[in-house]
Structure formats: structure tokens, C-alpha cells
Amino acid sequence: MKILALAEQRNGQLRGVAREVVSAAAGVAAEIGGEVDALLVGGEGIGEVGGELGGFGAARVRVVAHEALADYHPDGYVGVLHAVAQEGYDAVFLPATSQGKDLAPRLAALLDVPLAQDITDVQVVDGALELIRPVYAGKAFTRLSVDASPVLATLRPNVFQPESREAAGEVEAVDVPVDPESWPTRLVSFEGTAADIPDVAEASVVVSGGRGLKDPENWNLLEELREALGDSAGLGASRAVVDAGWRPHGEQVGQTGKTVAPKLYFAIGISGAIQHLAGMRTAGTIVAVNRDADAPIFKVADYGIVGDLFDVVPRLTEEVRTLKSQG
Amino acid sequence: MNIIVCVKRVPDTETRIRVGDDGTSIDPSGVKYVLSPYDEFAVEAALRVREARGEGEVTVVTLGDDASQETLRSALAMGADKALLLQGEATADGLATARALAAEIETADPSLVLLGVKAADDDQQQVGPMLATLLGRPCATAVSGFELSDASVTCHSEVEGGTQVLELPLPAVLTITKGEYEPRYASLKGIMAAKRKPLETKEAQTAPSRLRVRTMELPPERSAGRIVGEGPDAVPELVRLLREEANVL
Ligand SMILES: Cc1cc2nc3c(=O)[nH]c(=O)nc-3n(C[C@H](O)[C@H](O)[C@H](O)COP(=O)(O)OP(=O)(O)OC[C@H]3O[C@@H](n4cnc5c(N)ncnc54)[C@H](O)[C@@H]3O)c2cc1C
Ligand SMILES: Nc1ncnc2c1ncn2[C@@H]1O[C@H](COP(=O)(O)O)[C@@H](O)[C@H]1O
């Protein structure tokens, strides 16, 4: 089986999820027999960051570098991917990031194959791939088989652990025509959120706050805890505080927000409504801080502290800082 | 300016999901169905365009069974002008859905097609960009706000770490996320008026699903964890557990 794995980059750097997708593909190839090619699309010189992908099981790192591809461009990227994916791949894996989820359906339509978005597992059953994906925002899971080739899927970030697996990782340029003049979409600008912190959907640790915080000013408490937890920690929010305009919608976790699967999730002052739980119940470890011992969040939390968050959170930040400073 | 909004009937987000006897879909008994929340945002966005321009028509379309008429009436009650039910089965295969919608939308040729960023049942997050690709139209996804000019639409698209601003020539396809589109409630007058608005029904042209659902299962129950303690004094023990037991710090 030949698998193509899109290695996502941003600002010329490989995303953590690139290793996850390549590694997941390599795991499948190892089980079923076959090879993985990573595809790296970006600006001039992007090939230089591809070298490490051999260490995650890529036999080849195929590079399409063009100045017009430095930033994600839907028309440009889909053209490249369509050209490469047609070279006889049996499966094509992309990350289930904003970029991957924007790109994969377009590719599916061009290749005329169905798409499974946001899968959390790939299994080999009788020599064919079966894909597991959450539905109803994680209230249930379906196992899918695909009656088409290539099998096309996007992989949820943080779920597939990158494993080192030595392969050749030969970096090679692919010659694909790139014609920006023909792209109807124009990228106007990018408005970054102030802080350069990982998005809630990608962060491996999430500190989420709810109405219990009382006031948007109090988010500095969560921000401090997040900082103490390190660079891979992000911020999340319940819908109640997003609706109140305290936090941006991009941080909302839940059925009408993002579905997240970090290894550690803090629910602070969040009651645990069914729509919130739907978005975070696949997190590795869940910690809840709530002053109401009967709050439903405690039914899913691995560890809970019953108490006033205004007392508990600063103490928690302090303890985490101490721990981290000890290394 | 004519706008088509694609909408879907889905279980209310409050629903506790139970797996049905077939083992591959939910047990629909007792489930309340609603217009998918993101599709409400899309309907709201379309109505605001019509109101701002003082002209144009908003048509809502769904692929589904006869019960979906109720969903279309909800959108009409919000203020959409007319509705079309494509009778057929909406499956996990979004491409099959997109094809059925494309066959219809191609002939109607609207300036703008709006969809929800994802349907709150399958969460496939794919029908919009598939439809756009089939129609050969540009597409922006996860749009939290947009401005129209005569020949183009400027979209604010939510991505990791910020907002991407994109300009697309019309006609275009957008998938809408909440952003500024808090949906209006249908007024009583709206609900009455919806009963008299045109709702056309026709057979959908659907291909069979090529994504086969083998099984549907509930996630393993998270065993209720433990209350480590009360108040800030419980923090050192919590940190110890996170470090030594859960191995996450
Ligand atoms: C269609 C639909 C979609 C929805 N989608 C989502 C979604 O995607 N995500 C989402 O989160 N919600 C969603 N909701 C909303 C959901 O039903 C809840 O209303 C929401 O999650 C509640 O937010 P909250 O927990 O912050 O607020 P509350 O329910 O008000 O809970 C606040 C909690 O803080 C605790 N608290 C208060 N003060 C303190 C203190 N000093 N110290 C410690 N604890 C304290 C309280 O005990 C309480 O448990 C949706 C609802 C609908 C109808
Ligand atoms: N059966 C359907 N009929 C009409 N529109 C649909 C249907 N399924 C999905 N859509 C549209 O496509 C969006 C995304 O759905 P999905 O790709 O299934 O997550 C929805 O929010 C709707 O706007």
C-alpha cells in the first residue's frame, strides 16, 4: 500500500501534527506492507525542514516549493495535492486542522472519492483500512470502510502519537505546475490573535474557563496557569462565556465549538453541560475545579477539586511553576 | 442577489445518543430534531444580506426525508423566502450529498451559496467545499463574517491562531460559523407566514454512499474520577497525582 501523508507547515516550520500524520501512515504501512511518502508544500526552501520526516517513517519527502505557496492558499494547495495524489496512492492522509479540513473535501471532489474527516483511529481489517471517527461531537463513534481508492481521511491532531521509525526520508522536489494567475481566491491578510499560543484544537494541554470566572478580567488567572504549564498549553472556553463576549469563538470547546483531545484538560468554573462534554470527553486526563460538588463536570473528570476557583487556581499555578522549575 | 442556504435536520444537541438495533445508526425514538445550529447561522447571514440590500431572495434547500419539511419551515419562519426538499437519504458520504445539491444549485445559479461549517450530527465538515468544487466556484470555510461588493465577497475565515481574510469573486460558496451571526428567533408572525411560503418537493439524484458504516458505538464511559479534596489545600495532592499517576505534568 502506498500512502501519501501531507506534512503541514506554517511560516516555514513543520507543525507537530505533520509528525503525527506521517507516523500514523507509517504505522499502517508497517502493518499492511507498503511505503509512505510525505508531501511538503510551502515557499522557496521549504524542503529544508523535511529532513526529519524520515525519522517518522517517510520513505520519501516530496517537496513542492513556490513563493506563492508559502502560506496556505486553498486553490494553490488543492491543485498541488490533486496532481500528486493521482500518482497511484492507495491512501491519502491529511491533518484535521483548519487547513486540512478545508483542503480535503475539495480534493475528495476532484478525485471523486468519499472523505472521512477528523478520524481518531485507523485499523487494518482483512487487508483493508477501517476508519474510526467521532459523530455527534463525540457522543458516539462510527467505524467506516471505504468503497473507493484512494482512501482519503483527515487525522485529528493530538490523537496519533508520533513514533520514531527509521526510513530513507529522501527529500526530492516534485515538478507540479503552479499558476497563481489562475487562482480565483485572493489572500488579503492574516489577523493573528495577539498572543502566539497554540490553538485550543492543537494544544496538548488546555486550560478552559466558564461562567464561574465571573468577569473577563479574571482570565489573567487562567492565562497565568497556562503559562506555567508551558508553551504547548492553550486556552479554551465554554459557550456561555463566548456568548457573553468574554472570549473569542475560536476558543469555544463543545458541540458548536471545537472538539479537542489534549492529553490534559482543565475545566475551571465550567458546569459540564452535555454540549461542552461532547467537545472534550476524549481528552486524556480531565481536571475540574468547581465549587459545586454536584456539577456534572465531576462525572467525567479524572480529578476534581471542590472549591472556589479564585483560591484554587492561583495555588495551582504556583505549584505547577515550582514543579516545572525543578525540571 | 439570490442566495441559497443548504440546511440539515439533526438531533437537538441536548440529545443523549443511543445506538439503534441495527448497530450502525442512532435510535431515533424520543429524539427531538432541529435545524442544525451552524445552518441557523448561515440562514441568519443570508437574511442579513437580503435586509441590507433591500432585494433578493433567500432559498433554503435540504436533502432528506419528508420529516425535513419541518426543518425547512423553521428556516422559513426565520425569514427565508422559499424552500426546496430534495427527497433522498443523507448519508455519511458527504460527496453524495454535495452531488445531489450541486445538481439542483447549478441550474438555479445563485450569487451566493451558504452552508454551515459542519452539520451537528456527522460533523463531517465537508459538504460546503465539495459542493463548491463540483460547481467550479471559489469557497471559503469557517467564515465568521463577510462583506459583499458587486463582484466579490471578502470573508473572515477562522483558522488556528487567527483570522484569514480572503477575497472571492462571485458567485461563491461559503461555510458559516457563528461569528457575528447570532440567529434570530422566529416571531409568531414569522411562524404563521412560513406556513404559506412555497415549499417545493422533488426526488433527489443521489448516488449510493461509498462510506460504509460498519458499527456505531458509544465511547467508553469515562469512569467518574475522584474528588481529590476541597479548596486550595487539595492542590499539592492534585499536582502529585497528575505527575505520578496520570503522567501528564
Ligand atoms: C444548541 C446548543 C449548543 C451548545 N453548544 C455548546 C458548546 O459548544 N460548548 C459549550 O460549552 N456549551 C454549549 N452550549 C451551552 C451549554 O448548554 C451550557 O449552557 C454552557 O456550557 C454553560 O457554560 P458554563 O459551564 O461556563 O456556565 P454555567 O453552566 O453557568 O456554569 C458555571 C459553573 O461555574 C461554577 N462556579 C461559579 N462560581 C465559581 C467559583 N467561584 N469557583 C468555582 N466554580 C464556580 C458553578 O458551580 C457552575 O458549575 C450549547 C447549548 C445549546 C442549546
Ligand atoms: N442533507 C443535507 N441537505 C442540505 N444541506 C446539507 C446536508 N448535509 C449537509 N449539508 C450542509 O453542509 C454543511 C456541512 O455538513 P457536513 O459536511 O455534513 O458537516 C451543513 O451545515 C449544511 O449546510
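Note: the structure precedes this text.
Since the structure is predicted, the reported quantities are computational estimates derived from the model, not experimental observations.

> Even after reading the chapter, I still don't get the overall build of chain B, so can you show me in this structure?
For chain B, the count of helices and strands is six helices and 13 strands. Counting only C-alpha atoms, chain B reaches 65 × 45 × 40 Å along its principal axes. With 249 residues in all, chain B has 55% of them scored as buried. Long-range contacts, defined here as pairs at least 24 residues apart, represent 69% of the contacts in chain B between residues at least 6 apart. Summing over all exposed atoms, chain B offers an accessible surface of approximately 10600 Å²; the carbon and sulfur share of this is 47%. In chain B, 27 positive and 39 negative side-chain charges are present, and the distance between their average locations comes to 3 Å.

> Just checking my understanding: could you explain the nonpolar core for this structure?
Inside soluble globular proteins, nonpolar side chains tend to come together where they are buried. Counting 86 residues, the largest nonpolar core has F93 and L94 of chain A together with L131 of chain B as the members making the most contacts within it. Per-element tally for this core: the top contributor is helix α1 (residues 16-32) of chain A, with nine residues. Beyond its immediate sequence surroundings of up to four residues, F93 of chain A is in contact with I3, L4, A5, L6, V21, A25, V28, V122, L129, A153 and L155 of chain A. Membership of the second largest hydrophobic core comes to 41 residues, among which are Y38, L114, F146 and L199 of chain B.

> In this structure, what is going on with the sheet that holds strand β17 (residues 285-290) of chain A? I would like to understand it.
Strand pairing within a sheet occurs via backbone hydrogen bonds; the two strands may be parallel or antiparallel. One open sheet accounts for six strands, arranged β15(A)-β14(A)-β16(A)-β17(A)-β18(A)-β13(B); its pairing is parallel. Strands with a single pairing partner mark the edges of an open sheet, and in this sheet they are β15 (233-237) of chain A together with β13 (226-230) of chain B. Here the strands of the sheet are splayed against their neighbours by 20° on average, with no regard to which way each runs. Relative to β15 of chain A, strand β14 (residues 205-209) of chain A runs parallel, the two being bridged by five bridges. Along β15 of chain A, the bridge assignment pairs V205 of chain A with A233 of chain A. Contacts between helix α4 (residues 219-229) of chain A and the sheet are confined to β14, β15 and β16 (264-268) of chain A, with β14 of chain A contributing the most and set at about 170° to the helix.

> Any chance you could explain the environment of I132 of chain A here in plain terms?
All names here are of chain A. Examined against the element boundaries, I132 turns out to sit in strand β9 (residues 128-135). Exposure remark for I132: the relative accessible area of 12% places this residue in the buried category. Considering only alpha carbons, one finds I132 and D121, eleven residues apart in sequence, at a separation of 5.1 Å. The residues contacting I132, other than those within four sequence positions of it, are I119, T120, D121, Q123, F141, T142 and R143.

> Looking at this structure, I do not really get the site of ligand 2. What am I missing?
All names here are of chain B. Among the 19 residues in the neighbourhood of ligand 2, the closest are listed as C6, D39, A119, Q125 and Q126. With respect to ligand 2, the side chain of T62 contributes an N or O atom lying 3.5 Å from a nitrogen atom. Q124 is positioned with one of its backbone polar atoms (N or O) 3.2 Å from an oxygen atom of ligand 2. Within the complex, 98% of the 480 Å² of free accessible area of ligand 2 lies under protein. Those elements that provide at least two residues to the shell around ligand 2 are β4 (57-64), α3 (94-108) and β6 (112-116). Among the elements that line the shell around ligand 2, the one with the most residues is β4, at three residues. A per-class count over the shell around ligand 2 returns nine nonpolar, six polar and four charged.

> Looking at this structure, how should I read the site of ligand 1?
Looking at ligand 1, there are 27 residues lining it, with S238, T256, S271, Q275 and N290 of chain A nearest. Neighbouring residues of ligand 1 are distributed over chains A and B. Between ligand 1 and V253 of chain A, the relevant distance is 2.8 Å, taken from a nitrogen atom to a main-chain nitrogen or oxygen of the residue. Between a nitrogen atom of ligand 1 and a main-chain N or O atom of L309 of chain A, the distance comes to 2.8 Å. Within the complex, the protein chains bury 81% of what would otherwise be the 990 Å² of accessible surface of ligand 1. Of all the secondary-structure elements, those providing two or more residues to the shell around ligand 1 are α5 (239-243), α6 (274-280) and α7 (309-325) of chain A. A per-class count over the shell around ligand 1 returns six nonpolar, 15 polar and six charged.

> What is the right way to read the interface of chain A and chain B from this model?
By a widespread convention, an interface's size corresponds to the accessible area lost as its parts come together. Taken together, the 83 residues of chain A in the interface contact 78 residues of chain B. Of the roughly 7200 Å² buried between chain A and chain B on both sides combined, carbon and sulfur atoms contribute 55%. At the boundary of chain A with chain B, the tally comes to nine salt bridges. When the shortest N-O distance is used, the salt bridge between D243 of chain A and K178 of chain B registers 2.4 Å. Run the count over chain A and chain B and you get 47 residue pairs in polar contact (both at pLDDT 80 or more). Per-element accounting of the side of chain A that touches chain B gives the leading share, nine residues, to helix α3 (residues 98-111) of chain A. Residues that form the side of chain A that touches chain B fall into these classes: 38 nonpolar, 23 polar and 22 charged.

> What am I meant to see in α1 of chain A here?
Because an α-helix completes one turn every 3.6 residues, residues spaced three or four positions apart along the sequence face the same direction. Residues and elements named next belong to chain A. In this model, α1 (17 residues) spans 25 Å end to end at C-alpha, consistent with the 24 Å of a helix rising 1.5 Å per residue. Buried residues of α1: V17, A18, E20, V21, V22, S23, A24, A25, A26, V28 and A29, and no others. Positive phi appears at G33, one or two residues downstream of α1, with a value of about 90°.

> Just checking my understanding: could you explain the packing of aromatic side chains for this structure?
In this structure the tally under the stated criterion is four aromatic pairs over all chains. Pairing W219 of chain A with W246 of chain A gives two aromatic rings, centres 6.2 Å apart and planes at 75°, and the pair type is edge-to-face. Note that W219 of chain A is positioned in helix α4 and W246 of chain A in the loop between α5 and β16, a separation of 27 residues in sequence. Accessibility expressed as a relative area gives 4% for W219 of chain A, which makes it buried. Between the aromatic rings of F146 of chain B and Y181 of chain B, the centroid separation amounts to 6.0 Å while the plane-to-plane angle is 40°, which identifies the pairing as tilted. Linking F146 of chain B in strand β7 (residues 139-148) with Y181 of chain B in the loop between β10 (172-176) and α5 (188-196), this pair joins segments that are 35 residues apart in sequence. Accessibility classification places F146 of chain B together with Y181 of chain B in one group, the buried group.

Conventions and cut-offs
Residues numbered from 1 in each chain as written. Chains lettered and ligands numbered in written order. Predicted model: local features only at pLDDT ≥ 70, side-chain atom pairs only at ≥ 80, totals over all residues. Heavy atoms only, no water. Helix = DSSP H or I, 4+ residues; strand = E, 2+ residues; numbered from the N terminus. Buried < 20%, exposed > 50% of the residue type's maximum accessible area, 1.4 Å probe, protein only. Contact = heavy atoms within 4.5 Å. Areas by Shrake-Rupley, 256 points an atom, 1.4 Å probe, with all protein chains shown as cover. Lys, Arg positive; Asp, Glu negative; His and termini not counted. Charge placed at Lys NZ, Arg CZ, Asp CG, Glu CD. Core = buried A, V, L, I, M, F, W, Y, C linked by side-chain atoms within 4.5 Å. Pairing = 2+ DSSP bridges. Axes fitted to C-alpha atoms, helices over the stretch in contact; angles between N-to-C directions. Near = heavy atom within 4 Å. Polar contact = N/O pair within 3.5 Å; in protein donor to acceptor, adjacent residues only side chain to side chain. Nonpolar A, V, L, I, M, F, W, Y, C, P; charged D, E, K, R; others polar. Buried area = accessible area lost by both parts, 1.4 Å probe. Salt bridge = Lys/Arg side-chain N within 4 Å of Asp/Glu carboxyl O. Expected span 1.5 Å × (residues − 1). Phe/Tyr/Trp six-rings, centres within 6.5 Å; stacked < 30°, edge-to-face > 60°.

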